[in-house]
Amino acid sequence: MNAASLTGMTALSIGKDIKLTSAEELEATLRHIGATRYHSLHPFHKLLHGGKLNKGQVQAWALNRYYYQSTIPIKDAVVISRFRDRATRVEWRHRIEDHDGDVGSEGGIERWLKLTEGLGLDTAYVESTEGILPATRFAVEAYVHYCREKSPLEAIASSLTELFAPNLHEERISGMLAHYDFVNPDIMSYFKRRLTQAPRDAGFALDYVKAHATTPEQRAQVCNALIFKTNVLWVQLDALQHAYVEGHIPPGAFVPKEH
Ligand SMILES: O=C(O)c1cc(C(=O)O)c2c(n1)C(=O)C(=O)c1cc(C(=O)O)[nH]c1-2
């Protein structure tokens, strides 16, 4: 397989003419999808990490992303519910703890709330999710539905965007600390923690799909799950860009006080 054979890839899926005949070809295609479609390439991220947004726009991003973060453990509970196989459930369940925490130990959602609080947002308002963009809600819900309705293999494959997250998190930590005086290392602790969590999770998911997608059809399904997920992430940033950079805030959505 080479780059030319990937021309059968549309915005929504790879075509039937792409036949991946080995686990290595599958991995190469997944990495190509990440390199060309991951939301690290989105213009909103370039603005965020390059210090080009004002505080209100950064608040809008963190507020909306809270909905994604707080839905991830619900999504992961759905993924677990798809498996009769105990070993897979046991492997997957630490993801829920990573986000929800445990009695007496902080999880990712609390660390995300440190970020929104540090940015000056009221925690009850953030948790209510009242101010998020409709597109954020639709995209995130689509991810949960996908994991419920598609095959267990596709449910696992849809998490593979995490393969590409650590580089983005590194860029975010250094970019935001360098450019915004309202950001400090303490409120960025969520991302620091993900730098060790995400590679473990992504490694498991990648090994899983390489071992369990044994036909060209299944390998195409895995690729299409990743494409679907890159779209889930991309449209959330499209919506932020439209509302808070271009100034078309939909009725009822968060209106920043600080510019
Ligand atoms: O900041 C990001 O760009 C980013 C992206 C992703 C991703 O690629 O899905 C995740 C996260 N962060 C993240 O923090 C996280 O916990 C996470 C879980 C998952 C997943 O699909 O199960 N993706 C992501």
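Predicted model only: the values in this text are computed from it and were never measured.

Conventions adopted
- Residues numbered from 1 in each chain as written.
- Predicted model: local features only at pLDDT ≥ 70, side-chain atom pairs only at ≥ 80, totals over all residues.
- Heavy atoms only, no water.
- Near = heavy atom within 4 Å.
- Helix = DSSP H or I, 4+ residues; strand = E, 2+ residues; numbered from the N terminus.
- Nonpolar A, V, L, I, M, F, W, Y, C, P; charged D, E, K, R; others polar.
- Core = buried A, V, L, I, M, F, W, Y, C linked by side-chain atoms within 4.5 Å.
- Buried < 20%, exposed > 50% of the residue type's maximum accessible area, 1.4 Å probe, protein only.
- Contact = heavy atoms within 4.5 Å.
- UniProt positions renumbered as here; feature names shortened; annotations may be inferred.
- Salt bridge = Lys/Arg side-chain N within 4 Å of Asp/Glu carboxyl O.
- Phe/Tyr/Trp six-rings, centres within 6.5 Å; stacked < 30°, edge-to-face > 60°.
- Lys NZ or Arg CZ within 6 Å of the ring centre and 35° of its normal.

## Describing the site of the ligand
For step 1, the next point in the chain: Lining the immediate surroundings of the ligand are 19 residues, of which Tyr-68, Tyr-143, His-169, Tyr-190 and Lys-229 lie closest.
For step 2, the next point in the chain: When contributions to the shell around the ligand are tallied by element, the ones reaching two or more residues are α3 (55–81), α9 (165–179), α10 (189–212) and α11 (216–245).
For step 3, the next point in the chain: The element that contributes the greatest number of residues to the shell around the ligand is α3, accounting for five residues.
For step 4, the next point in the chain: The class makeup of the residues in the shell around the ligand is seven nonpolar, six polar and six charged.

## Examining the nonpolar core
For step 1, the next point in the chain: With 77 residues, the main nonpolar core has Leu-30, Val-58, Trp-61, Leu-115, Leu-160, Val-209 and Val-222 as its most contacted residues.
For step 2, the next point in the chain: For this core, the element with the highest residue contribution is α11, accounting for 13 residues.
For step 3, the next point in the chain: With sequence-adjacent residues up to four places away left out, Val-58 is seen in contact with Leu-48, Leu-53, Leu-119, Met-176, Tyr-180 and Phe-182.

## Brief notes about the UniProt feature "domain: Thiaminase-2/PQQC" (unreviewed entry) in the chain
For step 1, the next point in the chain: Listed under "domain: Thiaminase-2/PQQC" (unreviewed entry) in the UniProt record, and renumbered for this structure, are residues 29–238.
For step 2, the next point in the chain: For the annotated span residues 29–238, helix accounts for 76% and strand for 0% of the residues, and the straight-line distance between the end C-alpha atoms is 25 Å.

## Here we look at the pattern of salt bridges
For step 1, the next point in the chain: Within the structure shown, the criterion is met by nine salt bridges.
For step 2, the next point in the chain: Taking the shortest distance from any N to any O, the salt bridge between Arg-200 and Glu-91 comes out at 3.7 Å. Pair noted here: Arg-200 is in helix α10 and Glu-91 is in helix α4 (residues 86–100), with a separation of 109 residues, a long-range link.
For step 3, the next point in the chain: For Arg-200, a relative accessible area of 48% corresponds to the partly exposed category.
For step 4, the next point in the chain: A salt bridge links Glu-162 to Arg-95; the shortest N-O distance between them is 3.3 Å. Of this pair, Glu-162 sits in the loop between α8 (152–157) and α9 while Arg-95 sits in helix α4, and the two are 67 residues apart along the sequence. The pair formed by Glu-162 and Arg-95 is uniform in burial state, with each residue classed as buried.

## Notes on the packing of aromatic side chains
For step 1, the next point in the chain: All told, the structure shown has 14 aromatic pairs when counted by the stated rule.
For step 2, the next point in the chain: Ring geometry for Phe-83 and Tyr-208: centres 6.1 Å apart, planes at 90°, overall edge-to-face. Of the two residues, Phe-83 is situated in the loop between α3 and α4 and Tyr-208 in helix α10; the sequence distance between them amounts to 125 residues.
For step 3, the next point in the chain: For Phe-83, a relative accessible area of 9% gives the class buried.
For step 4, the next point in the chain: Accessibility expressed as a relative area gives 12% for Tyr-208, which makes it buried.
For step 5, the next point in the chain: Taken together, a centroid distance of 6.1 Å and an interplanar angle of 40° make the contact between Phe-204 and Tyr-208 tilted. With Phe-204 and Tyr-208 both in helix α10 and four residues apart, this pair spans about one turn of that helix.
For step 6, the next point in the chain: Following the ring pairs from residue to residue traces out a cluster consisting of Trp-61, Trp-112, Tyr-190 and Phe-191.
For step 7, the next point in the chain: The ring of Trp-92 is capped by Arg-95, whose NZ or CZ atom sits 3.6 Å from the centre of that ring.

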